[in-house]
Amino acid sequence: MEFIQTMGKLIVRYHSFFEEGIVNTLIIAAFTVLLGTIFGTLMSGMRMSRILPLRWLAVAYIEFIRGTPLMVQLMFIFYGLPMAGFTLPDISWIPNFSRFAAGIIAMSINSCAYVAEIIRSGVQAVDYGQMEAARSVGFSHSQAMRLVVLPQAVRNILPALGNEFVTVIKESSIVSVIGIADLIFRTNDVIALTYKSLACLAIAALCYFAMTFTGGRLIALAERRMNHGR
Amino acid sequence: MAGEKILRVVDLCKSFHRLEVLRHISVDFERNEVVSIIGPSGGGKSTFLRCLNLLETPTSGHILFDGVDLCAKGQSKHIDAHRQKMGMVFQQFNLFNNMNVMKNLTAAPVRIKGMAKESAEAKALELLGRVGLADRADAYPSQLSGGQKQRIAIVRSLMMDPEVMLFDEPTSALDPEMIGEVLDVMKNLAESGMTMIVVTHEMRFAREVSDRTIFLDGGHIEEDKPSHELFAHPESPRLVSFLDKVL
């Protein structure tokens, strides 16, 4: 009871910290989902391409990204790139642009690999007979993909893609290590000010859960819409 | 025109890695002819049929369709055009699950041949009527029985006005009471003069409907004769023992 009271007081007093953290977390997650989906789709196209060098490139990328920690990738982009001579520009009217850019780029690079695999497995889960039947009536490979295989693959892909989006919200907490004021970063600020670490972390956990739960519900709703139209 | 060779297979070989599935097959098919291909499982029947429209790429040999060698260099980019003239019916039906029956039937003629949607739909309804399914035009494949799916798969091929129809064990995945309805459709098709090549385990269909029956075993043609003769007087010992088991 006392614990909940403490949480309540912390929220009243430091709500602006948590709010800013939530907003920044959502910004990072939204851009990551957008870019990760766009590039993940392209990457899955490369991964399934009949042009072998493209396919190998995609396999190497996907395996490497999925086989190394996001933390390392993030550090590499934020600290490593400037050392190698690529500096992310600062844009005066967007505070902390270079940090945010590095965070979003690293997260997108990471998510792209997972999205690519989600799409590939969704496409390959469609019975190969569908492709063969489409080819046998005279459709080209790309027509068969577009008209027959992909519309069926979408139904396999959407649920897994929804999971990935929820994962991105949670994983985005890692950008706090390069000084982006996301939810966990601001939570640490409040801990430093109040020493109430457990109550602060409980608030952060609840905020994350509220975001992932809402996100998950929204995606489930979109799925139901899709299934409705068959 | 009887005697015109619509499809000629010359020295066709197919191996999967080191496994030789088809060994030097040469055979001709005439226009308006109905040919059954029978034989034990693993004998290469399906692979042979799938080679005819290049769903499997032959390892060597030639397939001449209307005088054009489909295996010749440079023909691979015309393969879509050749396939439009060769209907294919699969064991597993393979109707497009994301489309209703009408869309299944009209997608190819509208998109590939540029047929007007209205005339494609009229044609689809007419053909559906002929197979007794005019009332299922709006159904999705998941709402149909196996026999209905297969009849619609046959209509889907017919929509493209093919010169040859290939059937890959069209009744093997069906419940026994549905086999008849599909065989009836095939029989009517045969009587209408369609050129048909049918891989089948239905010995009655082979004997009574098809003009000619080919016995394929061990990757090559053991026997190839008019159907009534092949069933009445089998010569090769392997065919004799095969017929003993299945009849």
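None of the values given here were measured: they were computed from a predicted structure. (Residues numbered from 1 in each chain as written. Chains lettered and ligands numbered in written order. Predicted model: local features only at pLDDT ≥ 70, side-chain atom pairs only at ≥ 80, totals over all residues. Heavy atoms only, no water.)

Novice: Summarise the interface of chain A and chain B; cite the residues concerned and give the values.
Specialist: Contacts between the two partners involve 18 residues from chain A and, on the opposite side, 24 residues from chain B. Both sides of the chain A and chain B interface together cover about 1,900 Å² of buried area, and 53% of this is carbon and sulfur. Seen at the junction of chain A and chain B, the total is two salt bridges. With a closest N to O distance of 3.0 Å, A:Arg135 and B:Asp80 form a salt bridge. Summed over the shared surface of chain A and chain B, the number is seven residue pairs in polar contact (both at pLDDT 80 or more). Breaking the side of chain A that touches chain B down by element, the ones donating at least two residues are helix H5 (128-136) and helix H6 (141-171) of chain A. (Contact = heavy atoms within 4.5 Å. Buried area = accessible area lost by both parts, 1.4 Å probe. Salt bridge = Lys/Arg side-chain N within 4 Å of Asp/Glu carboxyl O. Polar contact = N/O pair within 3.5 Å; in protein donor to acceptor, adjacent residues only side chain to side chain. Helix = DSSP H or I, 4+ residues; strand = E, 2+ residues; numbered from the N terminus.)

Novice: Help me get a handle on the pairing of strand S9 (residues 212-217) of chain B, residues and values and all.
Specialist: All names here are of chain B. Most of S9 sits inside the fold, with six of its six residues counted as buried. With burial as the criterion, each face of S9 is covered, one bearing Arg212, Ile214 and Leu216 and the other bearing Thr213, Phe215 and Asp217. With four bridges joining them, strand S3 (residues 34-38) and S9 adopt parallel strand pairing. Paired with Ser36 across the strands is Thr213, a residue of S9. Sheet topology note: the S9/strand S10 (residues 220-226) ladder contains six bridges and is antiparallel. Counted as the bridge partner of Arg212 is Pro226 from S10. Hairpin geometry of S9 and S10 is characterised by an intervening segment of two residues between the two adjacent antiparallel strands and by a positive phi of about 60° at Gly218. (Buried < 20%, exposed > 50% of the residue type's maximum accessible area, 1.4 Å probe, protein only. Pairing = 2+ DSSP bridges.)

Novice: With reference to specific residues and values, describe the layout of surface pockets.
Specialist: Quantified by volume, the largest pocket comes out at close to 1,100 Å³. Contributing to the lining of the largest pocket are 37 residues, with A:Arg50, A:Tyr128, A:Met131, A:Arg135 and A:His141 lying nearest its centre. Counting only elements with at least two residues in the lining of the largest pocket, the list comes to helix H1 (2-47), helix H4 (97-124), H5 and H6 of chain A together with helix H2 (79-84) of chain B. A per-element tally of the lining of the largest pocket places H6(A) first, with six residues. Considering only residue class, the lining of the largest pocket consists of 16 nonpolar, 12 polar and nine charged. (1 Å grid on protein atoms, 1.4 Å probe; cavity = no way out; pocket = protein on both sides within 12 Å on 5 of 7 lines; lining within 4 Å. Points joined across faces, edges and corners; volume = space filled by probe spheres on them. Nonpolar A, V, L, I, M, F, W, Y, C, P; charged D, E, K, R; others polar.)

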